[in-house]
2 protein chains.
Amino acid sequence: MSTQTSISQLSIAEENYLKAIYKITEQSDRPAATTAIADHMQTAAASVTDMLKRLADKKLIHYERYKGVMLSAQGMKIAKHLVRKHRLWEVFLVEKLGFGWDKVHDIAEQLEHIQSPELVERLNEFLGHPRFDPHGDPIPDAEGRFAERQQVLLCKLAEGERGVIVGVAEHAPSFLQFLDKLKLVLGTQLTVLERFEFDDSMRIQIHAHNEVLLSSKVTHNLFVQRII
Amino acid sequence: MSTQTSISQLSIAEENYLKAIYKITEQSDRPAATTAIADHMQTAAASVTDMLKRLADKKLIHYERYKGVMLSAQGMKIAKHLVRKHRLWEVFLVEKLGFGWDKVHDIAEQLEHIQSPELVERLNEFLGHPRFDPHGDPIPDAEGRFAERQQVLLCKLAEGERGVIVGVAEHAPSFLQFLDKLKLVLGTQLTVLERFEFDDSMRIQIHAHNEVLLSSKVTHNLFVQRII
DNA sequence: AACAATTTTTCGATTGATCTAAATTGCGAA
DNA sequence: TTCGCAATTTAGATCAATCGAAAAATTGTT
């Protein structure tokens, strides 16, 4: 057993900062800048600096002034647990309560702060140990491990290639509602009929008969798994 | 349609005070005293006075200094909505996630602060519109109306009378665990075999064969519905 | 290398929620 | 009726979280 710091009761604000730092550093693997965090959290840069000092005192981040910030092992653990909770609750809201995938983010944003390890594990059980959330994002397991998946952006597919929609890179409700309208939901199979270089758009065949023209914006935000 | 004040985004602290005032005034119908609130919330009396001023400014309570406090119509509405959410979440935790009835209070205490009217109504639907929570307490409907039920304390039953357990007055985990041990769960039918005046205890028949002696403390905290 | 632009931090202040200690009010008993 | 105690409020302080403005550090450009 490791030296359990009892998941050190954090405030909601502190948890939100950890999650923001996680999201920012997740992509680039480089330290998160103060302004990047401020942008992500819709707060003033001065507020971020204050909080970084507090989080550093609690050993949740590695912080040197003017140098950006990285999560410590403990901070990473908490951040991943928050992501786990967020995504499990999203599955609950969509699968059990029937919410649309465009409506669940804000509610899950609140639910992820509920403190109860047993609740999380029972919820996971109740949902059948889902590995992906309603947007196709992987749900880390209790130890913080993510499921891997062969996925590429739709824009990477060549003419004639087939794929199945497995996720979205963009989570804006308007984008998700647009996908609903076009019946481009997770699990949908498609074939690339034609690619137009001049504007990066693609003509796509969905199911048997439907055929749609997708803009660059769309093809760059849809994850598919190739079907060979 | 009424003049929806948009359920005026309150802080968790404010919501907790409203609920405490609700619980205290619910029984006696007389104004809640500052110290009663302080006891209930485990805070200093001075903190209560501060908060009462803030809640009075927001028109959620009727407050005159030194005179105690009552909920306003708006405050009552919010308090009842909190009770509704709390009890619905308790049903969820017990019925869907398999928690024991002695484990759900603290988690529901957190979940009741989640803000989303749609979530509450979908949860209610999902749970099959329950009218009572796992402890037998009534769940107010969306308009704040409670279900009525013919219930009396077990200690009110005469020798020979029969009843079915429908609720508990005391919610302490230790009491609930004790009831579990004795298989005195909600829905259990029982018959009063004998009453002992000297210590107010009762000999009770449960199901077909079981027979137990219940102390005054127990019989004064179990609600039963008479079977005629 | 020097300087201008940008980023980040510091400073001083505010708000909400809390506390202890001191002052005030209300009420019951003598 | 008044005196004393308990309840309540006020006063003054703290802590977390936030802000705008000013100062400091870094970065990039010439």
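Rules of the game
Residues numbered from 1 in each chain as written. Chains lettered and ligands numbered in written order. Predicted model: local features only at pLDDT ≥ 70, side-chain atom pairs only at ≥ 80, totals over all residues. Heavy atoms only, no water. Near = heavy atom within 4 Å. Polar contact = N/O pair within 3.5 Å; in protein donor to acceptor, adjacent residues only side chain to side chain. Helix = DSSP H or I, 4+ residues; strand = E, 2+ residues; numbered from the N terminus. Nonpolar A, V, L, I, M, F, W, Y, C, P; charged D, E, K, R; others polar. Expected span 1.5 Å × (residues − 1). Contact = heavy atoms within 4.5 Å. Domains from an automatic or database assignment. Pairing = 2+ DSSP bridges. pLDDT = per-residue confidence, 0-100. Buried area = accessible area lost by both parts, 1.4 Å probe. Salt bridge = Lys/Arg side-chain N within 4 Å of Asp/Glu carboxyl O. Phe/Tyr/Trp six-rings, centres within 6.5 Å; stacked < 30°, edge-to-face > 60°. Buried < 20%, exposed > 50% of the residue type's maximum accessible area, 1.4 Å probe, protein only. Lys NZ or Arg CZ within 6 Å of the ring centre and 35° of its normal. Patch = residues over 30% accessible without salt bridge, like charges linked within 9 Å, V, L, I, M, F, W, Y side chains within 5 Å. Areas by Shrake-Rupley, 256 points an atom, 1.4 Å probe, with all protein chains shown as cover. Lys, Arg positive; Asp, Glu negative; His and termini not counted. Charge placed at Lys NZ, Arg CZ, Asp CG, Glu CD.

### So, the protein's contact with DNA strand D
For DNA strand D, the set of nearby residues contains 21 residues, the closest of which are Ser11, Ser47 and Arg54 of chain A together with Thr35 and Tyr63 of chain B. In the interface set of DNA strand D, defined as its atoms within 4 Å of the protein, sugar plus phosphate atoms amount to 70%. Between Asp50 of chain A and DNA strand D, the recorded distance is 3.0 Å, taken from a side-chain N or O atom to a base oxygen. Between a sugar or linking oxygen of DNA strand D and a side-chain N or O atom of Tyr66 of chain A, the distance comes to 3.2 Å. Mapped by element, the contributors of at least two residues to the surface near DNA strand D are α1 (12-28) and α3 (45-57) of chain A together with α2 (34-41) and α3 (45-57) of chain B. Here the surface near DNA strand D takes five residues from α3 of chain A, the largest share from any one element. A class-by-class count of the residues in the surface near DNA strand D yields eleven nonpolar, six polar and four charged.

### Here's the deal with the protein's contact with DNA strand C
Taken together, 21 residues form the shell around DNA strand C, and within it Thr35 and Tyr63 of chain A together with Ser11, Ser47 and Arg54 of chain B come nearest. The separation between a phosphate oxygen of DNA strand C and a polar side-chain atom of Thr34 of chain A is 2.9 Å. One nitrogen or oxygen atom from the side chain of Tyr66 of chain B is found 3.3 Å from a sugar or linking oxygen belonging to DNA strand C. Of all the elements in the fold, those that place two or more residues in the surface near DNA strand C are α2 (34-41) and α3 of chain A together with α1 (12-28) and α3 of chain B. The biggest single contributor to the surface near DNA strand C is α3 of chain B, with five residues. When grouped by side-chain class, the residues that make up the surface near DNA strand C number eleven nonpolar, six polar and four charged.

### Things to note about α1 of chain B
Helical geometry note: an α-helix holds 3.6 residues per turn, so side chains three or four residues apart project in the same direction. Residue and element names in this part refer to chain B. Between the first and last C-alpha of α1 there are 25 Å, a value that for 17 residues agrees with the 24 Å anticipated at 1.5 Å per step. Turning to α1, the residues buried within the fold contact α2, α3, β1 (61-63), β2 (69-71), α4 (73-96) and α5 (105-111). Taken from the residues just after α1, Asp29 is the one with a positive phi, measuring 75 degrees.

### Some points on the domain arrangement of chain A
Often the size quoted for an interface is simply the accessible area lost on bringing the parts together. When cut into domains, chain A gives domain 1 (6-71), domain 2 (84-144) and domain 3 (152-227). Averaged C-alpha coordinates put domain 1 of chain A and domain 3 of chain A at centres separated by 35 Å.

### Focus: the sheet that holds strand β4 (residues 162-168) of chain A
Adjacent strands of a sheet form backbone hydrogen bonds with each other and so pair up, either parallel or antiparallel. Residues and elements named next belong to chain A. Read across the open sheet, the six strands follow the order β3-β8-β4-β5-β6-β7; overall the sheet is antiparallel. Every other strand in the sheet has two partners, leaving β3 (152-153) and β7 (211-214) as the edge strands with one partner each. By the bridge criterion, three bridges tie β4 to strand β5 (residues 189-196) in an arrangement that is antiparallel. Looking across to β5, one finds that Gly163 is bridged to Leu190.

### Concerning the confidence of the model for chain A
Of all residues in chain A, 96% have pLDDT values of 70 or greater, and the mean over the chain is 94. When the criterion is pLDDT under 50, residues 1-6 of chain A qualifies, and its contacts beyond four places in sequence or with other chains add up to two contacts.

### Overview of the interface of chain B and chain A
Taken residue by residue, the interface counts 19 residues in chain B and 19 residues in chain A. Of the roughly 1700 Å² buried between chain B and chain A on both sides combined, carbon and sulfur atoms contribute 74%. Of all residues in chain B, Leu97, Gln110 and Arg122 of chain B give up the largest surface area on contact with chain A, accounting jointly for 30% of the area buried on that side. For the pair chain B and chain A, the interface holds zero salt bridges. Run the count over chain B and chain A and you get six residue pairs in polar contact (both at pLDDT 80 or more). When its residues are assigned to classes, the side of chain B that touches chain A shows eleven nonpolar, five polar and three charged.

### A few points about the packing of aromatic side chains
Counted according to the given criterion, the structure contains seven aromatic pairs over all chains. Note on Phe92 of chain A and Phe92 of chain B: the rings are 5.0 Å apart at their centroids and 50 degrees apart in plane angle, and the pair reads as tilted. Here Phe92 of chain A, found in helix α4 (residues 73-96), pairs with Phe92 of chain B, found in helix α4, and the two come from separate chains. For the ring pair Phe126 of chain A and Phe126 of chain B, a centre distance of 6.4 Å and an interplane angle of 65 degrees mean the geometry is edge-to-face. Taken together, the residues span two chains, with Phe126 of chain A in helix α6 (residues 117-126) and Phe126 of chain B in helix α6 (residues 117-126). On the basis of relative accessibility, which here comes to 22%, the residue Phe126 of chain B falls in the partly exposed class. Three or more aromatic residues joined by ring pairs form one cluster here, namely Trp89, Phe92 and Phe126 of chain A together with Trp89, Phe92 and Phe126 of chain B. It is Arg149 of chain A that lies over the ring of Phe132 of chain A; its NZ or CZ is 3.9 Å from the centre.

### Observations regarding a negative patch on the surface
On the surface, Glu159, Glu197, Asp199 and Asp200 of chain A cluster together into a patch of negative charge. Tracing the backbone shows Glu197 of chain A in the loop between β5 and β6 (201-206).

### A short note on the sheet that holds strand β6 (residues 201-206) of chain B
Spatial ordering of the open sheet is given by β3-β8-β4-β5-β6-β7 (chain B), a layout of six strands whose pairing is antiparallel. The two strands at the open ends of the sheet, each matched to only one other strand, are β3 (152-153) and β7 (211-214) of chain B.

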